[in-house]
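# Summary of structural features
So the chains spell out like this:
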Amino acid sequence: MIWSIIPEETVFAVPEAKGATVQPRLINYQGCQMLVSPQGNGKGQILRLLSGDPKHYLDPRFCPGQEIKL
C-alpha cells in the first residue's frame with residue numbers, strides 16, 4: 001500500500017529510455033518479478049522491481065540499472 005500525495009500515474013509511470021524502440025518486459029528472474037528493458041545479446045536492464053518480498057529490495061543483484069541475462 002502506498003500513501004502519497006503524488007498522483008498514481010506519476011508513481012507507476014514506466015521510465016522512458018531516450019531513443020528506445022523496445023518495450024519493457026515484465027519477467028520473473030530468480031523468483032523476483034521485475035520490469036526489464038531488453039538491451040540485445042540476451043541481456044536486459046532492470047527498470048523496476050515488482051516483488052512483495054523485502055529481501056529482493058535489499059539484494060544488490062536486483063538494483064534498478066543492473067544488467068541481467070534474459
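Here is a short report on the structure shown in this document.

### Some words on the pattern of salt bridges
A full pass over the atoms with the stated rule returns one salt bridge. The partner of Asp 59 in a salt bridge is Arg 61, and the shortest N-O contact between them spans 2.6 Å. A residue is classified by how much of its surface remains accessible, and Asp 59, at 15% relative accessible area, is buried. With a relative accessible area of 47%, Arg 61 lands in the partly exposed category.

### Notes on the sheet that holds strand S2 (residues 32-40)
Across a sheet, strands are paired by hydrogen bonds formed along the backbone, either parallel or antiparallel in direction. One open sheet accounts for four strands, arranged S1-S2-S3-S4; its pairing is antiparallel. Edge positions in the open sheet fall to strand S1 (25-29) and strand S4 (67-69), since each of these has one partner strand only. Sheet twist, expressed as the average angle between the axes of neighbouring strands with direction ignored, equals 55 degrees. Pairing between S1 and S2: five bridges, direction antiparallel. Considered in S2, the bridge of Arg 25 is made with Val 36.

### Structural notes on unusual backbone geometry
In this structure, Gln 30 takes a positive phi of about 50 degrees despite not being glycine. Position of Gln 30 relative to the elements: it lies in the loop between S1 and S2. The phi torsion at Asn 41 lies on the positive side, around 55 degrees, for a residue other than glycine. Within the fold, Asn 41 resides in the loop between S2 and strand S3 (43-49).

### Some words on the pairing of S3
Note on strand geometry: in a regular strand, side chains alternate between the two faces of the sheet. In terms of strand pairing, S2 meets S3 through six bridges, oriented antiparallel. Bridging across to S3, Val 36 finds its partner in Ile 46. Between the end of S2 and the start of S3, which pair antiparallel, lie two residues, with Asn 41 showing a positive phi angle near 55 degrees. The pairing of S3 with S4 spans three bridges and is antiparallel. Each residue of the ladder has a partner; that of Lys 43, found in S4, is Lys 69.

### Looking at the packing of aromatic side chains
The description of two aromatic rings rests on the distance between their centres and on the angle between their planes. Throughout the structure, instances matching the rule amount to one aromatic pair. Aromatic pair Tyr 29 and Phe 62: ring centres 6.3 Å apart, planes at 85 degrees, arrangement edge-to-face. Of this pair, Tyr 29 sits in strand S1 while Phe 62 sits in the loop between helix H2 (54-58) and S4, placing them 33 residues apart in sequence. Phe 62 sits in the buried class, given a relative accessible area of 2%.

Calculation criteria
Residues numbered from 1 in each chain as written. Predicted model: local features only at pLDDT ≥ 70, side-chain atom pairs only at ≥ 80, totals over all residues. Heavy atoms only, no water. Salt bridge = Lys/Arg side-chain N within 4 Å of Asp/Glu carboxyl O. Buried < 20%, exposed > 50% of the residue type's maximum accessible area, 1.4 Å probe, protein only. Pairing = 2+ DSSP bridges. Helix = DSSP H or I, 4+ residues; strand = E, 2+ residues; numbered from the N terminus. Axes fitted to C-alpha atoms, helices over the stretch in contact; angles between N-to-C directions. Phe/Tyr/Trp six-rings, centres within 6.5 Å; stacked < 30°, edge-to-face > 60°.

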